[in-house]
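Spelled out, the chains give:
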Amino acid sequence: MTRIDLHSHSSVSDGTDTPAEVIAYAVDAGLDVLALTDHDTVGGWAEAARHLPAGFTLVPGMELSCAYQGSSVHLVCYLFDPESPGLAGELRRVRHDRATRAEEMVEKLQENGVDLTWERVLEIAGAGHPEHADANTIGRPHLARAVVEAGAAKNVQDAFDRWIGSGGPAYVSRYAIDPVRAVRLVREAGGVCSLAHPARSEGATNGSVPVELAERMVAAGLGGIEADHPSHNRPQTKLWRGIAGDLGAVVTGSSDDHGSLTGHRLGARTTAPEAFEELIAPATGTPLLKG
Ligand code: AMP
Ligand code: MN
Ligand code: MN
Ligand code: MN
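Since the structure is predicted, the reported quantities are computational estimates derived from the model, not experimental observations.

Trainee: I would appreciate a short explanation of helix H1 (residues 19-28) in the present structure.
Mentor: Along an α-helix, a turn takes 3.6 residues, which lines up residues three or four apart on a common side. Of all the positions in H1, only Pro19, Ala20, Val22, Ile23 and Ala26 are classed as buried. The buried residues of H1 all sit within an arc of 160 degrees when viewed along its axis, so they share a single face. Buried residues along H1 sit in contact with strand S2 (33-36), helix H2 (45-49) and strand S3 (57-68). In the segment just after H1, glycine 30 is the residue with positive phi, at about 80 degrees.

Below, the structure written as structure tokens:
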């Protein structure tokens, strides 16, 4: 049985392992296919591609930050051409705003007496220049680690709860793409996509992506819904599997591994081979990378 995990992060965004280490962990976890989906960057693709053992398949991917009515909507995208002008332009904007916003959050933390520096946050993130499509992206987990180091939170989760979660004293929102437009941009770039963890939409009234939005995304070319995700409980998984069926999208399942931040969990959820084949069938932007 082919084991397929379609959502993972490396140190190129907010995961803790290098792309090479992510591949090694994926092999150890018994996976045959892994999508590397760092936030808003394709920076990990090249390194991961250099470390594929024979028989292992890498799906070049990315988790795109979208927003709808002030709440976060995440889109995991696969096999797109990162140089497609519409998508590339939006990604530059998102990366720029990630950097500006992180710096503003550092100022707010400092104003609240948290003893951390912008330099230290940059060091933890290993952040690159936002103009570069392969730049490392900075995210709140990097800030959270600096807050923990400064002794102002017990752990990363506690740093989100106390300081930087949506609505927290040091929270600053950031630019993100309209989800329907994002689906169109990914399809224009020859890629395919799945709605990531739909029952985890930060800032949404009931914590979930509205079904009417998912429906409009499917109409725009969304092929999958990530109903199987470690943060979904059983009723949420069941509900979103049903919604995927009703809307004619395939069900994807993924670990959303962030290395030690999530407790190494590659392969904790997987995608059925038939669903994977159906999802990627229309992709033309970038081929699968095989070891
Ligand atoms: P950002 O992309 O900078 O807005 O940060 C969002 C990232 O923070 C997500 O991709 C998760 O990796 C992580 N995250 C979000 N909420 C939490 C939380 N409550 N506890 C720990 N990590 C979180
Ligand atoms: Mn993340
Ligand atoms: Mn996400
Ligand atoms: Mn993710």
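Once the structure has been displayed, the description carries forward.
Trainee: In this structure, what is going on with the packing of helix H4 (residues 118-125) against helix H5 (residues 140-149)? I would like to understand it.
Mentor: Between two packed helices, both the angle of their axes relative to each other and the distance between the axes serve to describe the pair. Relative to each other, H4 and H5 sit at 125 degrees, their axes nearing to 9 Å. It follows that H4 is oblique to H5 by the angle criterion. Read as a crossing pair, H4 and H5 show a hand that is right-handed. For the pair formed by H4 and H5, the contact residues are Arg120, Val121, Ile124 and Ala125 on the first element and His142, Leu143, Arg145, Ala146 and Glu149 on the second. Looking at side-chain class alone, the contact of H4 with H5 contains five nonpolar, one polar and three charged residues.

Trainee: In this structure, what is going on with the coordination of the manganese ion (ligand 4)? I would like to understand it.
Mentor: Any two of four tetrahedral donors ideally make an angle of 109.5 degrees at the metal, while pairs among six octahedral donors ideally make 90 or 180 degrees. Taken together, His7 (NE2), His9 (NE2), Glu63 (OE) and Asp256 (OD) make up the protein donors of the manganese ion (ligand 4), found 2.1 to 2.3 Å from the metal. Taken in sequence order, the residues that donate to the manganese ion (ligand 4) follow the motif H-x1-H-x53-E-x192-D. The distance between the manganese ion (ligand 4) and the manganese ion (ligand 2) is 4.5 Å. Linking histidine 7 in the loop between strand S1 (4-5) and H1 with glutamate 63 in strand S3, this pair joins segments that are 56 residues apart in sequence. For the residue pair histidine 7 and glutamate 63, the accessibility class agrees, reading buried in each case.

Trainee: Would you mind going over the coordination of the manganese ion (ligand 3) with me for this structure?
Mentor: Around the manganese ion (ligand 3), the protein contributes the donor atoms Glu63 (OE), His74 (ND1) and His197 (NE2), at 2.0 to 2.2 Å from the metal centre. Counting along the primary sequence, the residues that act as donors to the manganese ion (ligand 3) give the motif E-x10-H-x122-H. Between the two metal centres, the manganese ion (ligand 3) and the manganese ion (ligand 2), the spacing is 5.5 Å. Here the residue histidine 74 occupies a position in strand S4 (residues 71-78), and histidine 197 occupies one in the loop between strand S5 (192-195) and helix H8 (211-219), the gap between them amounting to 123 residues. Here histidine 74 and histidine 197 have matching classes, each one buried.

Trainee: Would you take a moment to explain the domain arrangement of the chain for this structure?
Mentor: Accessible area lost on assembly of the parts is the figure often given for the size of an interface. According to the domain assignment, the chain contains domain 1 (4-90 + 176-290) and domain 2 (102-164). For domain 1 versus domain 2, the separation of C-alpha centres amounts to 24 Å. Contacts between domain 1 and domain 2 engage 13 residues on the former and 11 residues on the latter. Between domain 1 and domain 2 lies a buried interface of about 830 Å² when both sides are counted; carbon and sulfur atoms form 49% of it. Our count for the contact surface shared by domain 1 and domain 2 stands at one salt bridge. For the pair domain 1 and domain 2, the interface holds four residue pairs in polar contact (both at pLDDT 80 or more). Partitioning the side of domain 1 that touches domain 2 into residue classes produces three nonpolar, seven polar and three charged.

About the thresholds
Residues numbered from 1 in each chain as written. Chains lettered and ligands numbered in written order. Predicted model: local features only at pLDDT ≥ 70, side-chain atom pairs only at ≥ 80, totals over all residues. Heavy atoms only, no water. Buried < 20%, exposed > 50% of the residue type's maximum accessible area, 1.4 Å probe, protein only. Helix = DSSP H or I, 4+ residues; strand = E, 2+ residues; numbered from the N terminus. Arc of directions from axis to C-beta. Contact = heavy atoms within 4.5 Å. Axes fitted to C-alpha atoms, helices over the stretch in contact; angles between N-to-C directions. Parallel < 35°, antiparallel > 145°, perpendicular 65-115°, else oblique. Left-handed = near helix turned anticlockwise from the far one by under 90°. Nonpolar A, V, L, I, M, F, W, Y, C, P; charged D, E, K, R; others polar. Donors = N, O, S within 2.8 Å, 3.2 Å for Na, K, Ca; no water. Domains from an automatic or database assignment. Buried area = accessible area lost by both parts, 1.4 Å probe. Salt bridge = Lys/Arg side-chain N within 4 Å of Asp/Glu carboxyl O. Polar contact = N/O pair within 3.5 Å; in protein donor to acceptor, adjacent residues only side chain to side chain.

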